[in-house]
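The residues making up each chain are set out below.
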Amino acid sequence: MRIKCLMLLLLSCSFLISKSEETNSKYGVVDYDAALLSYPEMILIGQKIDSLQKKTVDQLAPKYQELTQINGEMDIAFQKSDSIKYNSLREDGAIIYQEIKLIEQRAQKSENELKAQTQKYINQLDTIISNVGKEQDITLIMPKSPASVSVMNIMYGLPPMVLQKPLYYSEPAVDLTEIVIKKIEERNKSIESSKSASSGKSAGSSQTSKNQKKK
């Protein structure tokens, strides 16, 4: 009886060990910034944001200069007790201040609209990373540099990918960045092929209609 119990115990232990080996966890890392910037659309949005910000600075610079000049003239008018000129300058300053606020509000609205467009590609990237994780049998995926400030945070105001607690593993992480970027590049090529095919069809139909008119 004791021998049977011992045999059962050994069998159960071997079963648990094999199960533990089968479910051995692996973790991967992804360079989130590099992956997002593999989207041509994300680069284009970044360029538009940069252009918008430069345009806003160019519009605001002369306004701020004019406002500074008015403030200086107001100080002089106040010292001379010239209330008429002082009030006139204050009204001019209030108008310029409102113009500044309007420029800033319009620029912020346009920038927010551009940033909102990035969400589509962020969602796509999340799906791609999830699928790559399943294909590579990865249990956990996290940012490659969790403590660093994300480029996407600087460019688009997106929250940085920061882990709340450090994670420790005895095995090195599997870097999935190249695989993820390859998937995005395949997606980019597919879109370009579709555009080329579409433009080829439209050009062909245009040529056919021209030939029909000649006849």
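Summarised in this report is the structure supplied together with it.

Criteria and cut-off values
Residues numbered from 1 in each chain as written. Predicted model: local features only at pLDDT ≥ 70, side-chain atom pairs only at ≥ 80, totals over all residues. Heavy atoms only, no water. Pairing = 2+ DSSP bridges. Helix = DSSP H or I, 4+ residues; strand = E, 2+ residues; numbered from the N terminus. Expected span 1.5 Å × (residues − 1). Bend = angle between axes of the 7 residues up to and from the residue. Buried < 20%, exposed > 50% of the residue type's maximum accessible area, 1.4 Å probe, protein only. Phe/Tyr/Trp six-rings, centres within 6.5 Å; stacked < 30°, edge-to-face > 60°. Contact = heavy atoms within 4.5 Å. Salt bridge = Lys/Arg side-chain N within 4 Å of Asp/Glu carboxyl O. Core = buried A, V, L, I, M, F, W, Y, C linked by side-chain atoms within 4.5 Å. Polar contact = N/O pair within 3.5 Å; in protein donor to acceptor, adjacent residues only side chain to side chain.

Spatially, β2-β1-β3 is the arrangement adopted by the three strands of the open sheet, whose pairing is parallel. With one partner strand each, in any of the chains shown, β2 (140-143) and β3 (174-175) form the two edges of the open sheet. As paired elements, strand β1 (residues 27-30) and β2 share four bridges and run parallel to each other. Residue pairing across strands places G28 opposite I141, the latter belonging to β2.

The next subject is helix α3 (residues 40-79). Given a rise of 1.5 Å per residue, 40 residues ought to cover 58 Å, and the 59 Å separating the end C-alpha atoms of α3 matches this to within 8%. Most pronounced at L60, the bend in α3 amounts to some 25°, and the proline P62 follows within four residues. Those residues of α3 not exposed but buried are M42, I45, G46, I49, L52, T56, L60, L67, I70, M74 and A77. Phi turns positive, to about 60°, at S81, one or two residues after α3.

Let us look at the environment of E178. Mapped onto the elements of the fold, E178 is located in helix α6 (residues 177-214). Take E178: its relative accessible area is 70%, and that puts it in the exposed class. For E178 and V30, which are 148 residues apart along the polypeptide, the C-alpha to C-alpha distance reads 8.5 Å.

Turning our attention to the packing of aromatic side chains. Under the counting rule described, the total for this entry stands at two aromatic pairs. Between Y39 and Y121 the ring centres are 5.5 Å apart and the planes differ by 50°, which places this aromatic pair in the tilted class. A residue pair is termed long-range when its members are at least 10 positions apart, and Y39 in the loop between α2 (32-36) and α3 and Y121 in helix α4 (residues 83-135) qualify at 82 residues. For the pair shown, Y39 and Y121 are each scored as buried. Between F78 and Y86, the ring centres sit 6.1 Å apart and the planes meet at 50°, which makes this aromatic pair tilted.

Let's shift gears to the environment of A173. Secondary-structure assignment places A173 in the loop between α5 (151-156) and β3. Given a relative accessible area of 31%, A173 falls into the partly exposed group. In contact with A173, not counting residues within four places along its chain, are Y27 and V29.

Here the focus is the pattern of salt bridges. As enumerated under the stated definition, the model contains five salt bridges in all. Between R187 and E41 there is a salt bridge; the shortest N-O distance is 2.9 Å. One end of the pair, R187, is in helix α6; the other, E41, is in helix α3, and 146 residues separate them in sequence. A relative accessible area of 22% means that E41 is categorised as partly exposed. The salt bridge involving E135 is made with K183; its shortest N-O contact spans 3.4 Å. Linking E135 in helix α4 with K183 in helix α6, this pair joins segments that are 48 residues apart in sequence. Owing to a relative accessible area of 29%, K183 belongs among the partly exposed residues under this scheme.

Glancing now at the nonpolar core. In summary, soluble globular proteins display a tendency toward joint burial of nonpolar side chains. Counting residues in each nonpolar core, the largest one holds 21 residues, and the members touching the most others are A35, Y39, L125, V180 and I184. Taken together, the elements giving at least two residues each to this core come down to α2, α3, α4 and α6. For this core, the leading source of residues is α4, giving seven residues. Ignoring any residue separated from it by four or fewer positions in sequence, one finds A35 in contact with V30, L125, V180, I181 and I184. Counting residues in each nonpolar core, the second largest holds nine residues, with L60, I70, M74 and I103 among its members.

Moving on to the side chain of T177. Mapping T177 onto the fold places it in helix α6. Residue classification places T177 among the buried residues on the basis of a relative accessible area of 9%. Reaching out from T177, the side chain makes a polar contact with the backbone nitrogen of D31 at a distance of 2.7 Å. At a separation of 2.7 Å, a polar atom in the side chain of T177 contacts the side chain of D175. Discounting residues that sit within four places of it in the chain, T177 has contacts with V29, V30, D31, A34 and K144.

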